[in-house]
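The primary structure of each chain is shown beneath.
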Amino acid sequence: MSDRETDALDGNAAAGAFGAVFAADVTTAVVVCAGCGHRDVFARLAVYARGPGVVVRCHGCDTVLARVVETPDSTWVELTGSASWRLPS
Ligand SMILES: [Zn+2]
């Protein structure tokens, strides 16, 4: 098992960082990977939070789906690895 596999958390570990960005509970959001089309509920995605920032990866192909990095004066959000996010209303 690689170091990265042992460092993986589930999406619940990133719910705070991404919930603040979307102003919603993201744990039940369905995220579709732009790389392989795999779709998964956010709470089940692989999260790496050792910094800098919080990174969410696809279980299908390991693409970085999303990343949030907080700096003293900004929040950076990168979503290019995800094709869509379906947030329950
Ligand atoms: Zn994928």
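This text goes with the structure placed above it.
Quantities reported herein were computed from a predicted structural model and do not represent experimental measurements.

K.L.:
Give a detailed account of the overall build of the protein chain, specifying residues and quantitative values.
P.N.:
Along the protein chain, the regular secondary structure elements total two helices and seven strands. In the protein chain, the order of α-helices and β-strands from amino to carboxyl end is α-α-β-β-β-β-β-β-β. Taking 89 residues into account, the globule formula puts the C-alpha radius of gyration at 12 Å, and the protein chain, at 12 Å, falls close to it. Principal-axis analysis of the C-alpha atoms places the extent of the protein chain at approximately 35 × 35 × 20 Å. Long-range pairs, those at least 24 residues apart, make up 49% of the contacts in the protein chain with a sequence separation of at least 6.

K.L.:
Give me the nonpolar core: which residues, what numbers.
P.N.:
Counting 18 residues, the largest nonpolar core has Ala14, Leu45, Val47, Val54, Val56 and Leu65 as the members making the most contacts within it. Within the residue set of this core, elements represented by two or more residues are α2 (15-22), β1 (30-33), β3 (46-48), β4 (54-57) and β5 (64-70). Once residues lying within four places of it in the same chain are set aside, the contact partners of Val54 are Ala14, Ala17, Val47, Ala49, Arg67 and Val68.

K.L.:
Residue-level account of the environment of Thr71, with values.
P.N.:
Inspection of the secondary structure assignment puts Thr71 in the loop between β5 and β6 (75-78). Counting along the chain gives 33 residues from Thr71 to His38, while the straight-line C-alpha distance between them is 31 Å.

K.L.:
Just give me the short version of the sheet that holds β5, but keep the residues and values in it.
P.N.:
Reading across the sheet, the four strands line up as β3-β4-β5-β6 and stay open at both edges, with antiparallel pairing between neighbours. Strand pairing shows two members of the sheet lacking a second neighbour, β3 and β6, which therefore form its edges. Going from strand to strand, the sheet's axes swing by 10° on average, the running direction of each strand aside. Sheet topology places β4 next to β5; four bridges connect them, and they run antiparallel.

K.L.:
Now, about the sheet that holds β1: what can you tell me, with residues and values included?
P.N.:
Within a beta sheet, neighbouring strands are joined by backbone hydrogen bonds and run either parallel or antiparallel to one another. The three strands lie next to each other as β2-β1-β7, forming an open sheet whose pairing is antiparallel. Where the open sheet ends on each side, the last strands, each with one partner, are β2 (39-41) and β7 (82-86). Shown here is a sheet whose adjacent strand axes are inclined to one another by a mean of 20°, direction ignored. Sheet topology note: the β1/β7 ladder contains four bridges and is antiparallel. Bridged to Cys33 within β7 is Ser82.

Reading the values: rules and limits
Residues numbered from 1 in each chain as written. Predicted model: local features only at pLDDT ≥ 70, side-chain atom pairs only at ≥ 80, totals over all residues. Helix = DSSP H or I, 4+ residues; strand = E, 2+ residues; numbered from the N terminus. Rg over C-alpha atoms; globule rule 2.2 N^0.38 Å. Contact = placed C-beta atoms within 7 Å. Core = buried A, V, L, I, M, F, W, Y, C linked by C-beta atoms within 7 Å. Buried ≥ 20, exposed ≤ 12 C-beta atoms within 10 Å, placed from the backbone. Pairing = 2+ DSSP bridges. Axes fitted to C-alpha atoms, helices over the stretch in contact; angles between N-to-C directions.

In short, geometric facts, not functional conclusions.
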